[in-house]
Amino acid sequence: MTSTVPTAVPQAEAQPPITMFGPDFPYAYDDFLAHPAGLGQVPATEHGTEVAVIGGGLSGLVTAYELMKMGLKPVVYEADQLGGRLRTVGFEGCEPGLRAELGAMRFPPSSTALQHYIDLVGLDTAPFPNPLSPATPSTVVDLKGVPHYARTIDDLPQVYRDVAEAWRSCLEEGAEFSAMNTALRTRDVPKIREIWSRLVERLDDQTFYGFLCQSEAFSSFRHREIFGQVGFGTGGWDTDFPNSILEILRVVYTEADDHHRGIVGGSQQLPLRLWEHAPDKLLHWPRGTSLSSLHGGEPRPAVTRLHRTAGNRVTVTDAEGKLRTYKAAVFTAQSWMLLSKIACDDALFPIDHWTAIERTHYMESSKLFVPVDRPFWLDTDEETGRDVMSMTLTDRMTRGTYLLDNGPDRPAVICLSYTWCDDSLKWLPLSAEERMEVMLNSLREIYPKVDIRRHLIGSPVTVSWEDEPYFMGAFKANLPGHYRYQRRLFTHFVQDTLPEDRRGLFLAGDDISWTAGWAEGAVQTALNAVWGVMHHLGGACDPGNPGPGDRYEEIAPVALPED
């Protein structure tokens, strides 16, 4: 649903926008990227030095791109396909313009570092049709067999508005929402750190559901149930109920759950264009150099082994059996790969970091898309005057159904179901066709006069990220008590205090970030790793544009006691 959380002050034109600036590490990555001095330099003696970048998703390609600009030679390894969970696919036998976003499909405007790269490669964005958003013609909320048609939240029964108000009150009373909202908008670092430190110490052991239950505003089980099934922002929240409330606060503080936009033409274009993009300014390499040209058009294959070798080097073995040894390496794939798919020696990380990797908790997620002949949902029901079908939130198996049109009378796409956690696991044993049959049956109960099958023009495409061998889940979502583990992973890019024989291998990717599941976290941790590699090789940022490691001591995430 559209945002129902309060703002700290009236929305004046001069009010700064919300960005993903903190709260854990309030560093201005967007300003760092925009500064004319660039991200920094390595000594000229290191120009051409190879740096392994393991994983060709967004984080890996941002890392490789920025290292290339510094005059280093990134060597990208990718086990599957470039893009990671920015995965856009077509439908067999259908026109190329029909696409399904199996991974990331919506991006909040607060993702300002991500937007830098979207602009860099010349992509456009458009509003995404979330429930009750201005980009959505209509929404149907179907709970316990009772559907409600709405164009705005005011069209829903009063109980839904009561739940929205309960969520506002809960955030204000339990999480100092207005104060944090103002601090984030104005980038008031001392205030952000003051509020967040207090909340981390108090809430690290609290689930999302426990946080709701402690609020007088959510004393009604019925209100908690509706909120879990329908939610506000992108839809239901109940699949997040077991997770740490800190994960949820990061999302709502930074408006990551609202005002979403999609990338026109598909999100996978971003990493693919970054792979081919030749920077205007780069050191050492001739003009026109791109990541693609440095690799002969293709990344190296999957990594099968990582180990330490003499001189504090990292040696990489790939699926072709080839070994290369590097002064520095960046691991950007899902961290669980280090536990199962890649043979690793213990010397890669300190033992506490291995523990943090092992304790990482991933959310499951599944989607199924079908191509249709046209956006028939915009047809008018002659009896009611309403759209014959709407973006749908329900407690049935489908949970969320999204309608994605390409213009009047053009072939279109329906995301029949978008689910998480236990809801995703319910689909896991079923084939794409079996999933579609169950989904169509569920939607027929909500829209008895609509024959979706009559409009199908191709076969369904589906994904269950927990079943993808190089992912094993959609994204990290910390459980209560996991803050300390996440801090170890995020701060690993600052390695001066580590033993020398544990330096030089850096972690990046959205599961290393505080905001997993959002591409912004993938970009931010990539920039951290770039700083780490640069610093490790004797380089530095321009004094006028200090990097995240240069600012680390003054904005480091709060450290909770370990004893």
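Up top you'll find the structure we're talking about.
**Concerning the overall build of the chain**
Piece 1. Scanning the chain for helices and strands turns up 18 helices and 21 strands.
Piece 2. For the chain, whose C-alpha radius of gyration is 24 Å, the value lies close to the compact-globule estimate of 24 Å for 563 residues.
Piece 3. Dimensions of the chain along its principal axes, counting C-alpha atoms only, are 75 × 55 × 45 Å.
Piece 4. Expressed as a percentage of its 563 residues, the buried residues of the chain come to 60%.
Piece 5. Considering only residue pairs separated by 6 or more positions, the chain has 73% of its internal contacts joining residues 24 or more positions apart.
Piece 6. Accessible area for the chain stands at about 21,500 Å²; split by element, carbon and sulfur atoms hold 50% of it.
Piece 7. Where the 51 positive side-chain charges of the chain centre and where its 76 negative ones centre are 2 Å apart.

**Observations regarding the packing of helix α2 (residues 58-69) against helix α17 (residues 519-536)**
Piece 1. At a closest axis distance of 8 Å, the pairing of α2 and α17 adopts a crossing angle of 35°. For the pair α2 and α17, the crossing hand works out as right-handed. Where α2 approaches α17, its residues Leu58, Ser59, Val62, Thr63, Glu66 and Leu67 are matched on the opposing element by Ala519, Ala522, Val523, Thr525, Ala526, Leu527, Val530 and Val533.

**Digging into the nonpolar core**
Piece 1. Core analysis: the biggest nonpolar cluster contains 134 residues, and Trp167 and Leu270 have the highest contact counts within it.
Piece 2. Sort the elements by how many residues they give to this core and α17 lands first, with nine residues.
Piece 3. With residues up to four places along the chain from it excluded, the contact list for Leu270 reads Leu58, Leu86, Leu114, Tyr117, Ile118, Val121, Leu123 and Ile263.
Piece 4. Of all hydrophobic cores here, the second largest spans 25 residues; its members include Val314, Met337, Leu338 and Tyr485.

**Here we look at the packing of α2 against helix α3 (residues 112-120)**
Piece 1. One way to put it is that α2 packs onto α3 with a least axis distance of 13 Å and a crossing angle of 70°. What the angle tells us is that α2 and α3 run roughly perpendicular. The way α2 lies across α3 gives a crossing that is left-handed. Of α3, the residues touching α2 (which contributes Leu58, Val62, Tyr65 and Glu66) are Leu114, Tyr117 and Leu120.
Piece 2. Grouping the constituent residues of the contact of α2 with α3 by class yields six nonpolar, no polar and one charged.

Calculation rules
- Residues numbered from 1 in each chain as written.
- Predicted model: local features only at pLDDT ≥ 70, side-chain atom pairs only at ≥ 80, totals over all residues.
- Heavy atoms only, no water.
- Helix = DSSP H or I, 4+ residues; strand = E, 2+ residues; numbered from the N terminus.
- Rg over C-alpha atoms; globule rule 2.2 N^0.38 Å.
- Buried < 20%, exposed > 50% of the residue type's maximum accessible area, 1.4 Å probe, protein only.
- Contact = heavy atoms within 4.5 Å.
- Areas by Shrake-Rupley, 256 points an atom, 1.4 Å probe, with all protein chains shown as cover.
- Lys, Arg positive; Asp, Glu negative; His and termini not counted.
- Charge placed at Lys NZ, Arg CZ, Asp CG, Glu CD.
- Axes fitted to C-alpha atoms, helices over the stretch in contact; angles between N-to-C directions.
- Left-handed = near helix turned anticlockwise from the far one by under 90°.
- Core = buried A, V, L, I, M, F, W, Y, C linked by side-chain atoms within 4.5 Å.
- Parallel < 35°, antiparallel > 145°, perpendicular 65-115°, else oblique.
- Nonpolar A, V, L, I, M, F, W, Y, C, P; charged D, E, K, R; others polar.

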